[in-house]
Amino acid sequence: MRIILLGAPGSGKGTQAEKLMEDYNLPQISTGMLLREAIDQGTELGKKVQEIMAAGNLVSDQIVLDLIRESLQQPDSANGFVLDGYPRNINQAQSLEDLLNSINKPLGSALLVDVDSEILIKRLSGRRTCSITGKTLNVYFSSEDEINECIDSGGELIQREDDNVESITNRINVYKEQTEPLIDFYKHKNLLKVIDGEGKITDVYDRVIKTLEL
Ligand code: ADP
């Protein structure tokens, strides 16, 4: 299975990618996650991208292409992969196509996780990560029990640097301008599949499995 997950920030594509990775033993390749790791580790790359990401802008195509190329060379992606957050514009989609053709592993599907923009803003502005369990929580949607589980174990609810309203609005605009054209790009290549990304995580996941015919 070689798939990419498309969707606006907050559409939940990362969550679905994680579930696929667990169930089908595939590596989830998330450019956002790789870049955040670089920032946390204080590498040269991390220093270069920190401000750009905090503002919600895209980092350069060359930087993410290098990350993707390296990840695809790892032995664990030999049997397939789930790309999450890449490609994010037409140029990246073309580079990805060239790269995959050069290793004889063309893409199987591009799955769009579709979510209404009003819901996106609540999901993103309310998103927190528990510093102890690493679980993703949401101050609007998580139950009191889930939140307390973190607090009672001594954890803190951490907000991602780019989950503030200004950056969220910018990320959604960048998505509309640069990433949405990929929907037509993949439609023309007969690779596009669309699922409704609203509702419970497990219900969305059921749709993913059904749509990808797994
Ligand atoms: P989200 O989709 O929720 O905004 P991600 O974790 O996928 O979060 O990405 C966070 C940030 O990382 C983006 O706003 C952007 O700055 C950077 N980024 C991630 N993937 C790419 C990419 N393919 N091209 C350029 N920048 C990227």
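Residues numbered from 1 in each chain as written. Predicted model: local features only at pLDDT ≥ 70, side-chain atom pairs only at ≥ 80, totals over all residues. Heavy atoms only, no water.

Please clarify how the site of the ligand should be interpreted in this entry.
The ligand sits among 20 residues. The nearest are Thr31, Arg36, Asn57, Arg88 and Gln92. One of the backbone nitrogen or oxygen atoms of Gly85 is found 3.0 Å away from a nitrogen atom of the ligand. In this structure, an oxygen atom belonging to the ligand sits 2.9 Å away from a side-chain N or O atom of Arg88. Considering the ligand on its own, with 550 Å² of exposed area, one finds that the protein chains cover 97% of that surface. The residue makeup of the shell around the ligand, split by class, is seven nonpolar, six polar and seven charged. (Near = heavy atom within 4 Å. Polar contact = N/O pair within 3.5 Å; in protein donor to acceptor, adjacent residues only side chain to side chain. Areas by Shrake-Rupley, 256 points an atom, 1.4 Å probe, with all protein chains shown as cover. Nonpolar A, V, L, I, M, F, W, Y, C, P; charged D, E, K, R; others polar.)

Honestly, the pattern of salt bridges in this entry has me stumped. Any pointers?
In a structure, side chains of opposite charge can pair up when their charged atoms sit close to one another. In the structure shown here, the tally under the stated rule is nine salt bridges. Across the salt bridge formed by Arg69 and Asp66, the nearest N and O atoms sit 3.3 Å from each other. Taken together, the positions of Arg69 and Asp66, both in helix α4 (residues 61-73) and three residues apart, correspond to about one turn of that helix. (Salt bridge = Lys/Arg side-chain N within 4 Å of Asp/Glu carboxyl O. Helix = DSSP H or I, 4+ residues; strand = E, 2+ residues; numbered from the N terminus.)

How do you make sense of the sheet that holds strand β4 (residues 109-114) when you look at a structure like this?
In a beta sheet, neighbouring strands pair by backbone hydrogen bonds and run either parallel or antiparallel. Spatial strand order, β2-β3-β1-β4-β8: five strands in an open sheet with parallel pairing. One side of each edge strand has no neighbouring strand; the edge strands of this open sheet are β2 (28-30) and β8 (192-196). Across the sheet, the mean angle separating the axes of adjacent strands is 25° when strand polarity is ignored. Pairing analysis gives four bridges linking strand β1 (residues 2-6) to strand β3 (residues 81-84), with the strands arranged parallel. Within β3, the residue paired with Leu5 across the bridge is Asp84. (Pairing = 2+ DSSP bridges. Axes fitted to C-alpha atoms, helices over the stretch in contact; angles between N-to-C directions.)

Can you walk me through the layout of surface pockets in this structure?
Take a probe with the size of a water molecule and roll it over the atoms, and the empty space left behind shows itself. Its boundaries defined by the atoms lining it, the second largest pocket holds a volume of some 150 Å³. Lining the second largest pocket we find 14 residues, and of these Ala8, Asp114, Val115, Tyr175 and Glu180 sit closest to its centre. Elements with a contribution of two residues or more to the lining of the second largest pocket: β4, α6 (117-125) and α8 (165-179). (1 Å grid on protein atoms, 1.4 Å probe; cavity = no way out; pocket = protein on both sides within 12 Å on 5 of 7 lines; lining within 4 Å. Points joined across faces, edges and corners; volume = space filled by probe spheres on them.)

How do you make sense of the pairing of β4 when you look at a structure like this?
Strand residues, when the strand is regular, have side chains that alternate between the two faces of the sheet. Of all the six residues making up β4, five are buried; the element is thus mostly covered by neighbouring parts of the structure. Examined bridge by bridge, β1 and β4 share four bridges and lie parallel to one another. Bridge pairing in β4 links Leu6 to Leu112. Bridging between β4 and β8 involves five bridges; their strand directions are parallel. Bridge pairing in β8 places Val113 opposite Ile195. (Buried < 20%, exposed > 50% of the residue type's maximum accessible area, 1.4 Å probe, protein only.)

Explain the environment of Pro87 to me, please; I cannot follow it from the model alone.
With respect to the element layout, Pro87 can be found in the loop between β3 and α5 (90-102). The exposure class assigned to Pro87 is buried, which follows from its relative accessible area of 2%. Taking the C-alpha atoms as reference points, Pro87 and Leu182, 95 residues apart in sequence, are found 8.4 Å from one another. Beyond its immediate sequence surroundings of up to four residues, Pro87 is in contact with Ile4, Leu6, Gln92, Ala93, Leu96, Thr179, Leu182 and Tyr186. (Contact = heavy atoms within 4.5 Å.)

None of this, on its own, says anything about what the molecule does.
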